[in-house]
Amino acid sequence: MLYRNVSEGESRFIMGSENEYGFQIKGVPLSSFRFNDNSFYHDILAELVQLSKDSSFLRPKEEEWNRPEDSQFNGKWVAERHGSSMEEYVSELGRTLFNGGRFYIDSLHAEYSTSETTNPKDLVLFEKSGELLMARTVKELEQRRNLKIYVHKNNSDGNGNSYGYHNNYLLSRAGFDGIVEKEWVSNNAISPLAKCWLTFMETGMIYTGAGKVGAENRAPQCFYQISQRADFFTQLSNHETMFYRGLLNTRDEPLANRELFGRFHVIFNDANMSEWQTYIKTGIQALFLKMLDFKPTGLINFLPVLKDHLKALPEISRDLELKAKFPCEDGIERTALEIQKQCFKAMKEFYASSYSADWIKKCLADFEKVLDELSDNPFNLRDRIDWIAKKSFIDEYQKKKNTELDFAKAKYLDFYYHQIPDGLYHTLLKPNEFFQMKRLFEDYQIEQALVNPPADTRAYFRGFLASRYSHLIADIDWSFVELKIGERWRLRDLDPWGLNKPLVDACLSGISNPNDFLLKLLRL
């Protein structure tokens, strides 16, 4: 029996996402974006971050952007004033946002990271607010530069280059070390718990995949596949995120107290447009990892494990009918769907015997319906799952127009589906002749999330400072803040659930002077 009596305090969650956006500038060859000495592209990225609104520009400091009144923004000029190369300067650019998230440049990509959230629906809400920020900022940049810029929330450019969508899940230190066991990793192997996770993650692409026309990175050719990222993983484990990517990312940067926590970094997932799919993907992965964290009796013997993770990866991605069987370590061949059903059985039993918040019960119930729909007819999920939506649209478009799309036109629709803010996905959100995608949030809720942080994590304090006391901030990041109040005060290893709205409000009570408030908070 998979039993472990988990208390309410132990069942707290922290999760978030990081999204690198793809850019295409009309008239600029896509291949030119690969070169680090492309000063024009560096300049565009620098100005993009400089223009982003609803935020506090902190790195580098606002005053370092001063430039002659009669000159257009010139990133190279600013970089030279900063005493660094353009590439080095751009890599330092970043804003801490009013909603507690961050907007910055990472490896020649504009990237948005959500604030820390405690449940998957909040994660979706703040991820969508990042799309809104990106769309508005790019629109302003287009007007200032007289450019046409296409922005895509996807994972590859069609020319063999992949950019990431990463998820982060907070685990206990013991739980993290149990999955990312250094002794196994140092011997080019992975732990038994890691095998369970990889099997679940890989076969889970049947409901997490965003879909892609064609193949890349010398992977087996196909017209259409489930995952955008499956062609880009060549290692079982690795700490790298850009080259020699490993299915198990071993990066150990907890961004919290290292003795208590580990931040489990998932780099395999696709970037989804569907709100509903992002909710299921992150919610179920968080629940599965939390179960591994507690290592209930009999779990490892109960969960199926793929025999060859790297071999199965492209095969699962190309199994559109979900009927292919894959060898497991116990000698039994199973479909990806059969593996997911067995994993769900374990989760259902585990959480039935443990404390479960309302969102956990709802997420498990929704996931069970997904598995049932995938068994009955996957295309019933076309209004919720990106890879199915995209494939359904291509098929129905050909039928309605009585024409057969060639590869180039299908590839165009693939990219167009992910275009921000006016792509095919956004068309399918409205009534149309094909089908309508389901939503979790209204536009006004996403708008509010752009400037209001979650109330139940430390992100509230970070957003509070950015919006009200940015002039007192000397430095700030996910797990620390340094304030200029007389002398410099620095808080390290901030509790992920601490400095939330109730605590901040309590410190504000009866205090009008901001310095007194901050000093009171810092001395807690």
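Residues numbered from 1 in each chain as written. Predicted model: local features only at pLDDT ≥ 70, side-chain atom pairs only at ≥ 80, totals over all residues. Heavy atoms only, no water.

Could you give an account of the confidence of the model for the protein chain, with specific residues and numbers?
For the protein chain, the mean per-residue pLDDT works out to 86, and 85% of the residues sit at or above 70. A low-confidence stretch, residues 1-6 (pLDDT under 50), is modelled with 27 contacts involving residues beyond four sequence positions or located in other chains. (pLDDT = per-residue confidence, 0-100. Contact = heavy atoms within 4.5 Å.)

Can you break down the packing of helix 7 (residues 192-203) against helix 9 (residues 275-294) residue by residue, with the values?
Interaxial distance between helix 7 and helix 9 falls to 11 Å at its minimum, and their mutual angle equals 165°. In terms of axis orientation, helix 7 runs roughly antiparallel to helix 9. As helix 7 packs across helix 9, the resulting crossing turns out to be right-handed. Of the residues in helix 9, those touching helix 7 at Leu193, Cys196, Trp197, Phe200 and Met201 are Ile284, Gln285, Phe288, Leu289 and Leu292. Across the contact of helix 7 with helix 9, the residue classes tally to nine nonpolar, one polar and no charged. (Axes fitted to C-alpha atoms, helices over the stretch in contact; angles between N-to-C directions. Helix = DSSP H or I, 4+ residues; strand = E, 2+ residues; numbered from the N terminus. Parallel < 35°, antiparallel > 145°, perpendicular 65-115°, else oblique. Left-handed = near helix turned anticlockwise from the far one by under 90°. Nonpolar A, V, L, I, M, F, W, Y, C, P; charged D, E, K, R; others polar.)

Please give an account of the environment of Thr457 that cites residues and values.
Tracing the backbone shows Thr457 in the loop between helix 17 (443-449) and helix 18 (459-468). Measuring from C-alpha to C-alpha, the distance between Thr457 and Thr117 comes to 6.6 Å, with 340 residues separating the pair along the chain. Not counting residues within four places of it along the chain, the set of residues in contact with Thr457 comprises Ile14, Glu116, Thr117, Thr118, Pro496, Trp497, Gly498, Leu499 and Asn500. At a separation of 2.9 Å, a polar atom in the side chain of Thr457 contacts the main-chain carbonyl oxygen of Glu116. (Polar contact = N/O pair within 3.5 Å; in protein donor to acceptor, adjacent residues only side chain to side chain.)

Help me get a handle on the packing of helix 18 against helix 19 (residues 501-508), residues and values and all.
The relative placement of two packed helices comes down to the angle between their axes together with the axis-to-axis distance. Contact geometry of helix 18 with helix 19 gives a least axis separation of 9 Å together with a crossing angle of 50°. By the angle between their directions, the pair helix 18 and helix 19 is classed as oblique. Taking contact as the criterion, the partners of Tyr460, Phe461, Phe464 and Arg468 in helix 18 are, on helix 19, Lys501, Val504, Asp505 and Leu508. For the contact of helix 18 with helix 19, the residue count by class is five nonpolar, no polar and three charged.

Can you lay out the sheet that holds strand 16 (residues 419-420) for me, pointing to particular residues and giving the numbers?
Strands in a sheet are paired, the pairing made by backbone hydrogen bonds, and the direction either parallel or antiparallel. Strand order in the open sheet formed by three strands is 2-7-16, with antiparallel pairing between adjacent strands. A single partner strand is all that each edge strand has here, and the edge strands are strand 2 (22-25) and strand 16. Contacting strand 2, strand 7 (149-152) and strand 16, helix 4 (residues 120-145) crosses the sheet at an angle of about 170° to strand 7. (Pairing = 2+ DSSP bridges.)

Tell me what's going on with the pattern of salt bridges, and back it up with residues and numbers.
For the structure shown, the criterion picks out 30 salt bridges. Overlapping salt bridges, with partners in common, bring together Glu127, Lys128, Glu131 and Lys153 in one network. (Salt bridge = Lys/Arg side-chain N within 4 Å of Asp/Glu carboxyl O.)

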